[in-house]
Amino acid sequence: MSILTNAWVFIPLFGICVFLVVYNQAPRVIDYFFEKSMESREAVFVTLEKMFVEVNKRQMTILLLLCSYGLGALTFLALWPAIIPGLIMGVIVTVLGIRLPKMYVESLWEKHANKAVNQMLDAMTMMANGVKAGLGIAQSMERVSQNTKGALSKEFALVLNKTRLGMTIEDALKEFGDRVQRPDVQMFVTSINILKETGGNIGETFETINQTIRERQKIEKKIDAMTAQGIMQGIIMTAVPFVLMLVFLAIDPNYIKPLFTKPLGWFALLLMFGLQVMGGLAIKKIVNIKV
């Protein structure tokens, strides 16, 4: 009798092969997940610090580990005794738990940076008027910081605090440009640093920057309006398969049960999830237009 048709021989041999593969690759997999976890953790800490949010690093580390490995382990236990689906879904949940907190915090930072740029219109007007009235750049920035609230006020206050501690205004502004990497901020920082070295009418420069920012924001709003439909279509197309799966689970669980109990169903779920992620990323790439 062939070995492949003898279950008493094939199953132990297959189990031994799987054990050897897992045993040999386990250190690499563990190191990979550990490295990604630490990268995500450090990125979260750096981004929160940039947004002036103080956190307990020990508590935040525990929370991040629970959101990734903790939820992954719970997912595996929830699907027990279906080991293979549990492993697949546990790994997926773990990877999402590692990536999503970083993506969420970075999205908050993007909103913070966008708010700072949006406030630069009024700030440039105030600084231009201040310079024309005889104030210096630092005094004009302090005037903006005192008379406005929000992201830009905090950024200007940080720049001014650094100058009070002995840093030059050029270096403090350069750090501001490195923190908020937006074309409008870079233009503002570069213009001031160049004019302080070569001389020129700073008030007129601020008015020019104000006009440039205004035109850029008009174009960005027009692009957002034109791509809003594509973004909504991408969200709907990405969500439809998962919504249909939940509907079938509620209406007729036996109809969709093979997806979770058969090897071919597991492969189909994994393939579907991968294609959905690829499609969502492709749509996001298409509708994300940089100005």
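Because the structure is a prediction, the values reported are computed rather than measured. (Residues numbered from 1 in each chain as written. Predicted model: local features only at pLDDT ≥ 70, side-chain atom pairs only at ≥ 80, totals over all residues. Heavy atoms only, no water.)

Undergrad: Give a description of the confidence of the model for the protein chain that names residues and reports values.
TA: Mean pLDDT for the protein chain: 81, with 90% of residues reaching 70 or above. Here helix H1 (residues 7-50) stands out as the element of the protein chain with the lowest mean pLDDT, 72, in contrast to helix H6 (residues 151-164), whose mean of 88 is the highest. (pLDDT = per-residue confidence, 0-100. Helix = DSSP H or I, 4+ residues; strand = E, 2+ residues; numbered from the N terminus.)

Undergrad: Explain the pattern of salt bridges to me, using residue names and the numbers behind them.
TA: Where charged atoms of side chains with opposite charge meet at close range, the side chains can pair. Within this structure, the stated rule accounts for nine salt bridges. Between Glu110 and Arg182 there is a salt bridge, and its shortest N-O distance comes to 2.5 Å. In this pair, Glu110 sits in helix H3 (residues 83-118) while Arg182 sits in the loop between helix H7 (169-179) and helix H8 (183-198), placing the two residues 72 residues apart along the sequence. (Salt bridge = Lys/Arg side-chain N within 4 Å of Asp/Glu carboxyl O.)

Undergrad: I'd love a proper account of the packing of aromatic side chains, names of residues and values included.
TA: Within this structure, the stated rule accounts for four aromatic pairs. With a centroid separation of 6.0 Å and an interplanar angle of 80°, the aromatic rings of Phe156 and Phe176 are classed as edge-to-face. On the criterion of sequence distance, the pair formed by Phe156 in helix H6 and Phe176 in helix H7 is long-range, its members being 20 residues apart. Overall, the relative accessible area of 2% leaves Phe176 in the buried class. Centroid distance Phe156 to Phe188: 6.0 Å. Interplanar angle 25°. Geometry classified as stacked. One end of the pair, Phe156, is in helix H6; the other, Phe188, is in helix H8, and 32 residues separate them in sequence. In this structure, Phe156 and Phe188 share a single accessibility class: buried. Three or more aromatic residues link up through ring pairs in this structure, and these residues are Phe156, Phe176, Phe188 and Phe206. (Phe/Tyr/Trp six-rings, centres within 6.5 Å; stacked < 30°, edge-to-face > 60°. Buried < 20%, exposed > 50% of the residue type's maximum accessible area, 1.4 Å probe, protein only.)

Undergrad: Kindly report on a nonpolar patch on the surface, identifying the contributing residues and their values.
TA: Judged by side-chain polarity, Ile231, Met232, Ile235, Ile236, Val240, Leu244, Phe248 and Tyr255 come together as a nonpolar surface patch covering roughly 760 Å² of accessible area. When residues in the nonpolar patch are grouped by element, the largest group, seven residues, is from helix H9 (residues 202-251). (Patch = residues over 30% accessible without salt bridge, like charges linked within 9 Å, V, L, I, M, F, W, Y side chains within 5 Å. Areas by Shrake-Rupley, 256 points an atom, 1.4 Å probe, with all protein chains shown as cover.)

Undergrad: Can you lay out the nonpolar core for me, pointing to particular residues and giving the numbers?
TA: Phe176, Phe188 and Phe206 are the most contacted members of the largest nonpolar core, which totals 41 residues. Counting residues per element, this core draws most heavily on helix H4 (residues 120-132), which supplies eight residues. When near neighbours in sequence (up to four residues on either side) are disregarded, Phe176 contacts Leu152, Glu155, Phe156, Val159, Val185, Phe188 and Val189. (Core = buried A, V, L, I, M, F, W, Y, C linked by side-chain atoms within 4.5 Å. Contact = heavy atoms within 4.5 Å.)

Undergrad: Would you mind going over H8 in detail, with residue names and values included?
TA: Given 3.6 residues per turn, any residue in an α-helix points the same way as the ones three and four places further on. Helix length check: H8, at 16 residues, gives a terminal C-alpha distance of 22 Å against a target of 22 Å (1.5 Å per residue), a fit within 8%. Residues Asp184, Val185, Phe188, Val189, Ser191, Ile192, Asn193 and Leu195 constitute the buried set of H8. In the core, the buried residues of H8 are packed alongside H3, H4, helix H5 (137-147), H6, H7 and H9. Looking one or two residues beyond H8, the residue adopting positive phi is Gly199, at roughly 90°. (Expected span 1.5 Å × (residues − 1).)

Undergrad: Describe the side chain of Arg41, listing the residues and the values that go with them.
TA: Looking at where Arg41 falls in the secondary structure, it is placed in helix H1. A distance of 2.5 Å separates polar atoms of two side chains, one belonging to Arg41 and the other to Glu42. (Polar contact = N/O pair within 3.5 Å; in protein donor to acceptor, adjacent residues only side chain to side chain.)

Undergrad: Describe the packing of H3 against H6, with residues and values.
TA: Across the interface, H3 lies against H6 with an axial gap of 7 Å and an inter-helix angle of 85°. The orientation of H3 relative to H6 falls into the category roughly perpendicular. Contact residues: Trp109, His112, Lys115 and Ala116 in H3; Ala151, Leu152 and Glu155 in H6. Residue composition of the contact of H3 with H6, by class: four nonpolar, one polar and two charged. (Axes fitted to C-alpha atoms, helices over the stretch in contact; angles between N-to-C directions. Parallel < 35°, antiparallel > 145°, perpendicular 65-115°, else oblique. Nonpolar A, V, L, I, M, F, W, Y, C, P; charged D, E, K, R; others polar.)

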